[in-house]
Amino acid sequence: MTEIQTLDDRVEHMRHEHETADQQPILTADNVFPPAPVTLEFEAYSWVIDQFVYEGTFLFTGSQGLGKTTCLVPLALAATGLIQFPGITVSTPRQVVYVTEDVFQVNQILSALAEEHKFTAEDLDEVFHVRQSKNKSASDIAAHFAPYVKTLKRQVLTPAGKFMIPALTVLDTFSASIKMENENDNAEGAKNIAILRGAFDDVLWLTGHTPKSTRGYDAKNQTTRGASSFEANTQGTFYLADTGTNDRFLQSGKRRDQGKLRAIALRIELKQRQSTNKYGLTDEQDYVVPYLSPGVEATVQASARTNKQMKIENEIIAEIQNMECATKNKVLNAVVDHFGKDQKGNNVVGTNSVNDAFKELDLQGKIKSFRPPKEAKLQGATECWLVPD
């Protein structure tokens, strides 16, 4: 049925449109780009973690399951001043709001830290606030959640007097917290980062995942899954590096400051205890206690090289086991192909690196050559390789 508007209806509609237009703010140059004070005086960074992360918006990335949360929970807790790690200092302790998709995991880590550092639930509640993530738009978060975070400013006595220190907000993970139509859309990613930076006083940590294609790269060649604007519109990026052991290294990728602490080492100690679930059932439970310490960049790089060498050696062995007559050239080519190309189209692992690993396995007796069968000889093989039992 067609709706018929009377003259009064049309007049009322026009009046409403006119009033709405009158309510719109008048844009001026200062509204578009506000003037910024320039003092011509050098100013030091305002650190959240001294010499490592300053007040700003930073992205923390690593492979799924590598230990980002296990590393960031104690680091964020250290930012409150409630716990301390040797060599990692905090000059302006602040409150922390930790938004997580896995409250159970965060609780397990906090329980292990409480046991190790001897703090109570009451101590924790005063400075560290855990929230369950819900997939909300950046605008909703800015309008309805950020104002709560701004009430958590903490008064700290500094050499320059008393200051209200803004709270640190951690969104772990970015994708679980921020609703996006397309995480690969640069325009949408940049808009969301800009909204959140302004809403949280630019004291924000975001976590993300590395794409499978860049796993095994060093920090300077790592990327974050999704739009490149995530990295471009934050002040810095940090990547959790795998060493092939229980140790990890949180190291910088893009970083604008010259802070003296270039990496943080994460060591994990595995423990067991009897625990009771919500149904009253008791079980032997494995849990981890995280320890942080300053990481030496040379050590980080050496560990990354060692880990990369191990991955190459493991892949050589796997390729040999999968081939009937594994000639050296076939194995080298298969391993290079396995690791693929980087974003510039270059081999992630070069033939020389695979050849060196091949020689090392031969010297260690982990692979051995044998005379090829007749069929392989006819195809030009002079020797084949196997993995001895």
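Being a predicted model, the structure only gives us computed values, none of them experimental.

S.K.: How would you explain the layout of surface pockets if you had to name every residue and give the values?
M.R.: Volume-wise, the second largest pocket comes out at about 310 Å³. As for the second largest pocket, its lining consists of 15 residues, of which Ser46, Glu55, Thr92, Thr158 and Ile165 are closest to the centre. Sorting elements by how many residues they give to the lining of the second largest pocket places strand S7 (residues 161–165) first, with three residues. Here the lining of the second largest pocket is composed, by residue class, of eight nonpolar, four polar and three charged.

S.K.: Got a sec to walk through helix H12 (residues 351–363)? Specific residues and values, please.
M.R.: Between its first and last C-alpha, H12 extends 18 Å over 13 residues, near the 18 Å set by a 1.5 Å rise per residue. All buried positions along H12 are accounted for by Val354, Asn355, Ala357, Phe358 and Leu361. One side of H12 carries all its buried residues, which in axial view fall inside an arc of 165°. The exposed residues of H12 that point more than 90 degrees off its buried face are Asn352 and Leu363.

S.K.: Give me the lowdown on unusual backbone geometry, citing residues and values where you can.
M.R.: In this structure, threonine 173 follows aspartate 172 across a cis peptide bond, with omega equal to 10°. Here threonine 173 is to be found in the loop between strand S8 (168–172) and helix H7 (174–177). Even without being glycine, leucine 40 reaches a positive phi, approximately 55°. Relative to the helices and strands, leucine 40 resides in the loop between helix H2 (29–32) and strand S1 (47–49).

S.K.: Requested: an account of the pairing of strand S9 (residues 204–209), with residues and values cited.
M.R.: With six of six residues buried, S9 is to be regarded as a mostly interior element. Of the two faces of S9, both are covered, the one formed by Leu204, Leu206 and Gly208 as well as the one formed by Trp205, Thr207 and His209. Summarising the sheet, strand S3 (residues 57–62) and S9 pair through six bridges and their orientation is parallel. Bridged to phenylalanine 58 within S9 is tryptophan 205. By the bridge criterion, three bridges tie S8 to S9 in an arrangement that is parallel.

S.K.: Lay out the pairing of S3 with the relevant residues and their values.
M.R.: Here S3 lies mainly inside the structure; six of its six residues are buried. Side chains Thr57, Leu59 and Thr61 project from S3 onto one buried face, and the interleaved Phe58, Phe60 and Gly62 project onto a second face that is buried too. Here S3 pairs with strand S10 (residues 236–242) via four bridges, running parallel. Its bridge partner lying in S10, phenylalanine 60 is registered against phenylalanine 238.

S.K.: Explain the nonpolar core to me, using residue names and the numbers behind them.
M.R.: Soluble globular proteins tend to bury their nonpolar side chains together. Counting residues in each nonpolar core, the largest one holds 42 residues, and the members touching the most others are Phe52, Leu75, Phe128, Trp205 and Leu250. The dominant element in this core, judged by the number of residues it contributes, is helix H3 (residues 68–80), at eight residues. Setting aside residues no more than four positions away along its own chain, phenylalanine 52 makes contact with Trp47, Leu75, Phe238, Leu250, Arg255, Leu261, Arg262, Ala263 and Ile264. Core analysis: the next-biggest nonpolar cluster, separate from the first, contains 20 residues, Val99, Ile141, Leu196 and Ala199 among them.

S.K.: Please set out the pattern of salt bridges residue by residue, giving values where relevant.
M.R.: Evaluated as defined, the whole model comprises five salt bridges. With a shortest N-O distance of 2.7 Å, arginine 273 and glutamate 115 are connected by a salt bridge. Residue arginine 273 is found in strand S12 (residues 263–276), and its partner glutamate 115 is found in helix H4 (residues 103–117); the two are separated by 158 residues along the sequence. Residue classification places glutamate 115 among the partly exposed positions, given a relative accessible area of 34%.

S.K.: Would you mind going over the state of the cysteines in detail, with residue names and values included?
M.R.: Under the counting rule described, the total for this entry stands at one disulfide. The residue that forms a disulfide with cysteine 325 is cysteine 384, at a sulfur-sulfur distance of 1.6 Å. One end of the pair, cysteine 325, is in the loop between helix H10 (297–322) and helix H11 (328–339); the other, cysteine 384, is in strand S15 (residues 384–386), with 59 residues separating them in the sequence. Neither cysteine 325 nor cysteine 384 differs from the other in exposure class; each is buried.

S.K.: Now, about the environment of cysteine 384: what can you tell me, with residues and values included?
M.R.: Under the relative-accessibility criterion, cysteine 384 is labelled buried at 0%. The spacing of cysteine 384 and arginine 371 is 13 residues in sequence and 6.3 Å in space, taken between C-alpha atoms. The residues contacting cysteine 384, other than those within four sequence positions of it, are Cys325, Ala326, Lys368, Ser369, Phe370, Pro372 and Pro373.

S.K.: Pulling in residues and values, what's your account of the packing of aromatic side chains?
M.R.: Within the structure shown, the criterion is met by 12 aromatic pairs. Ring geometry for phenylalanine 145 versus tyrosine 148: centroids 5.6 Å apart, planes at 50°, classification tilted. Placement of both phenylalanine 145 and tyrosine 148 in helix H6 (residues 138–150) is noted, with a separation of three residues, approximately one turn of the helix. Tyrosine 148 gets classed as partly exposed once you look at its relative accessible area, which sits at 24%. Cluster of aromatic residues (ring-pair linked, three or more members): Tyr45, Trp47, Phe52, Tyr54, Phe58, Phe60, Trp205 and Phe238. The side chain of arginine 131 reaches across the aromatic face of tyrosine 148, ending 4.5 Å from its centre. Between arginine 267 and the ring centre of tyrosine 291, over which it is positioned, the NZ or CZ distance is 4.5 Å.

S.K.: An account of the side chain of glutamate 188 is needed here, citing residue identities and associated values.
M.R.: When you line up the elements, glutamate 188 lands in helix H8 (residues 186–199). Although buried, glutamate 188 forms no salt bridge, and the nearest oppositely charged side chain, lysine 191, lies 8.1 Å from it. Not counting residues up to four positions away in its chain, the partners in contact with glutamate 188 are Lys179, Met180, Glu181 and Asn182.

Reading the values: the criteria
Residues numbered from 1 in each chain as written. Predicted model: local features only at pLDDT ≥ 70, side-chain atom pairs only at ≥ 80, totals over all residues. Heavy atoms only, no water. 1 Å grid on protein atoms, 1.4 Å probe; cavity = no way out; pocket = protein on both sides within 12 Å on 5 of 7 lines; lining within 4 Å. Points joined across faces, edges and corners; volume = space filled by probe spheres on them. Helix = DSSP H or I, 4+ residues; strand = E, 2+ residues; numbered from the N terminus. Nonpolar A, V, L, I, M, F, W, Y, C, P; charged D, E, K, R; others polar. Expected span 1.5 Å × (residues − 1). Buried < 20%, exposed > 50% of the residue type's maximum accessible area, 1.4 Å probe, protein only. Arc of directions from axis to C-beta. Pairing = 2+ DSSP bridges. Core = buried A, V, L, I, M, F, W, Y, C linked by side-chain atoms within 4.5 Å. Contact = heavy atoms within 4.5 Å. Salt bridge = Lys/Arg side-chain N within 4 Å of Asp/Glu carboxyl O. Disulfide = S-S within 2.5 Å. Phe/Tyr/Trp six-rings, centres within 6.5 Å; stacked < 30°, edge-to-face > 60°. Lys NZ or Arg CZ within 6 Å of the ring centre and 35° of its normal. Lys, Arg positive; Asp, Glu negative; His and termini not counted.

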